[in-house]
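# A closer look at the structure
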Amino acid sequence: MRREPVLRVVGKLLIPYMLLFALYVQFHGDFGPGGGFQAGVISAAAIIFYALIFGLPAARRLVPDAVVESMVALGALLYLGVGFAGLVLGGNYLDYFVLDRNSVTGQLRGVFWVELGVLITVSGVMLKVFYIFASRRRPD
Amino acid sequence: MMAVAVIAIVLQRNLYSVVVLGGVYSFLMATVLVALDAVDVAMTEASVGAGISTVLLLGALHLCGGEEAKPMQRPWVPLAVTLAIVAVLIYGTLGLPAFSDPQAPIHVHVVPRYLSDALVETGIPNVVTAVLASYRGYDTLGETVVVFTAGIGVIALLRSVRRGSKEGS
C-alpha cells in the first residue's frame, strides 16, 4: 500500500482532523455526547489509519512502543491519583468536591482529569494491541 | 436489516466477510441506539464495535487464515443449549416493566435526583458524563482498570521478548 498516492494524500488530509475530532469529543463530553472512552478510541484509530497507509514502522517511529506502554499505565495511575488527591485534601476516595474551594469547580476539575486518564489508557491499550497484532508474522 | 446481517454472518464461510458484516451490524446497532436517544452509547458502539474491533479482528485473521474450519461434529447439542437459553431469556423479559414506562423501578430510584441536580451539583450539562465520571466514578475506575488489565494481558502474552538485548545490558 506504500505507493497509493490517493490514500497517502487523503490520509494526510484526514488524520489531523481525526485527532482534532478526538480532542473535541474529549473536551466537549461535558456538553454533548462523548468522553474519554470514545475519544481514546478515535485517537487510536487515527494512528492505526496512519499505520495502515504509511506502514507499521513509520507509525512506530511516530508513536514509539515505550510511549504507548507507559500510556497504558499512566492513564490508570492518573485516575487512581485523582482519587488519592481527594483523600489527601480531606474528602472520600474519588471525592471531587474537595478539589477546589468552589465545589462545582472541584467537580469539573475532577471529571476533567478522570476523563483524561480514561483517554490515555484506552488509546494506549488499543494502539498497543494493534501494534502487537500487526507486528506478528504469519506462522507458516 | 440487522436480521439480514446476522443470517448472512451465519451462512458465510469466509471469515473476512464475517468480520465486515459484523462491522455493518455494529453500525446498524449504533443507529438503533441513536433512535433510542442513547447518543453516547451509539458513539461508543460505532467507534469500538464497528471501528477498532473490525481492524483488530482483520489483523487476527491475517495471522490465522480466513477460512472457517469444517465442523467436527453435528451441532445439535450446542443448538439445543442455545435455544434453551434463548427461551429462558425471552421468558425473563416478560417480567420486565413495559418499555419507557415512567413508573419502572429504574426510573424512580436515583434517576430523578440525577436529572434534577446533576447540573447544579457538578456543573456538567450532559447528565451521562456527570453520572459516568462523578456519581459513578468508582464504576468508571473499574472499567478503566479492566481496559488496563486487558492491555497488560495482551502485552504479557504476545509481546516479542528481545532476550539478547536484555541479558547483554
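All figures in this text were calculated on a predicted structure; none of them were measured in a lab.

About the cut-offs
Residues numbered from 1 in each chain as written. Chains lettered and ligands numbered in written order. Predicted model: local features only at pLDDT ≥ 70, side-chain atom pairs only at ≥ 80, totals over all residues. Helix = DSSP H or I, 4+ residues; strand = E, 2+ residues; numbered from the N terminus. Rg over C-alpha atoms; globule rule 2.2 N^0.38 Å. Buried ≥ 20, exposed ≤ 12 C-beta atoms within 10 Å, placed from the backbone. Contact = placed C-beta atoms within 7 Å. Axes fitted to C-alpha atoms, helices over the stretch in contact; angles between N-to-C directions. Parallel < 35°, antiparallel > 145°, perpendicular 65-115°, else oblique. Left-handed = near helix turned anticlockwise from the far one by under 90°. Nonpolar A, V, L, I, M, F, W, Y, C, P; charged D, E, K, R; others polar. Domains from an automatic or database assignment.

Scanning chain B for helices and strands turns up nine helices and zero strands. Going residue by residue from the N terminus, the α and β elements of chain B occur as α-α-α-α-α-α-α-α-α. For chain B, whose C-alpha radius of gyration is 22 Å, the value lies well above the compact-globule estimate of 15 Å for 169 residues. Considering only C-alpha atoms, chain B reaches an extent of 55 × 55 × 25 Å along its principal axes. Within the span of chain B, comprising 169 residues, buried residues form 18% of the whole. Restricting to contacts in chain B with at least 6 residues of sequence separation, those with at least 24 account for 34%.

Orientation of helix α4 (residues 65-88) of chain A relative to helix α8 (residues 137-158) of chain B, taken along the N-to-C sense of each, is 160°, at an axis distance of 10 Å. Here α8 of chain B runs roughly antiparallel to α4 of chain A, going by the angle between their axes. As α4 of chain A packs across α8 of chain B, the resulting crossing turns out to be left-handed. Here Glu69, Val72, Gly75, Ala76 and Tyr79 of chain A of α4 of chain A come into contact with α8 of chain B, specifically with Leu141, Thr144, Val145, Phe148, Gly151, Ile152 and Ile155 of chain B. Among the residues making up the contact of α4 of chain A with α8 of chain B, the classes are represented as eight nonpolar, three polar and one charged.

Attention now goes to the packing of helix α5 (residues 103-135) of chain A against helix α3 (residues 39-64) of chain B. The relative placement of two packed helices is expressed as an angle between their axes plus a distance between the axes. The contact between α5 of chain A and α3 of chain B brings their axes to 9 Å, and the two run at 20°. When the axes of α5 of chain A and α3 of chain B are compared, the pair comes out roughly parallel. Between α5 of chain A and α3 of chain B the crossing geometry is left-handed. Counting all contacts with α5 of chain A, which are made through Met126, Val129, Phe130, Phe133 and Ala134 of chain A, the residues of α3 of chain B involved are Ile52, Val55, Leu56, Gly59, Ala60 and Leu63 of chain B. Grouping the amino acids of the contact of α5 of chain A with α3 of chain B by side-chain chemistry returns 10 nonpolar, one polar and no charged.

Let's shift gears to the interface of chain A and chain B. If you look at the interface, chain A gives 43 residues, while chain B gives 39 residues. Those elements that provide at least two residues to the side of chain A that touches chain B are α2 (36-54), α4 and α5 of chain A. Among the elements that line the side of chain A that touches chain B, the one with the most residues is α5 of chain A, at 20 residues. The class makeup of the residues in the side of chain A that touches chain B is 26 nonpolar, 11 polar and six charged.

Here we take up the domain arrangement of chain B. Taken domain by domain, chain B holds domain 1 (1-68) and domain 2 (102-169). Placing a centre on the C-alpha atoms of domain 1 of chain B and another on those of domain 2 of chain B gives a separation of 23 Å.

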